[in-house]
Every structure is written in C-alpha cells, then in structure tokens.
Amino acid sequence: MTLVWFVVWLIANVVGDKEPLTFDPVNWWAGTLLLAIAVDLGRQHASPFTPKRPPDT
C-alpha cells in the first residue's frame, strides 16, 4: 500500500505542481502517507478472513 502511495505521489509530483510533504501542519499528501502506513502495519494484526462453513451432518 505504501509503495502504491509513493508511485502515485511521484507521478503527481512530476506531472503536476511540486507538492512537498509537510507534517507540521499535516498536508493532504502527508495525511494519506500516514494512512497508507497505518493500513500496512495494521494488516499484520488482522485475522485472515475465513467464512464459516456449516457443520457436516
């Protein structure tokens, strides 16, 4: 997720205006970076999704 964020930011930074990452105050790009990092770190704590099967009779 963080790698995808970096690619999107890099393309936007090259094609569009130069947008620095500022954390004081947090701008839009830095906020989405923090969200991507949180999703990446939170994934290891999530249990794998396994649907419950009905018991065999």
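Report follows, based on the coordinates. (Residues numbered from 1 in each chain as written. Predicted model: local features only at pLDDT ≥ 70, side-chain atom pairs only at ≥ 80, totals over all residues. Heavy atoms only, no water.)

**What to know about helix α1 (residues 2-15)**
- In this model, α1 (14 residues) spans 20 Å end to end at C-alpha, consistent with the 20 Å of a helix rising 1.5 Å per residue.
- Buried within α1 we find W5, W9 and N13. In an axial view of α1, the angular spread of the buried residues amounts to 60°, which keeps them on one side of the axis. In α1, the exposed positions that point more than 90 degrees away from the buried face belong to L3, V4, I11, V14 and V15.
- Elements that come into contact with the buried residues of α1 comprise α2 (28-43). (Helix = DSSP H or I, 4+ residues; strand = E, 2+ residues; numbered from the N terminus. Expected span 1.5 Å × (residues − 1). Buried < 20%, exposed > 50% of the residue type's maximum accessible area, 1.4 Å probe, protein only. Arc of directions from axis to C-beta. Contact = heavy atoms within 4.5 Å.)

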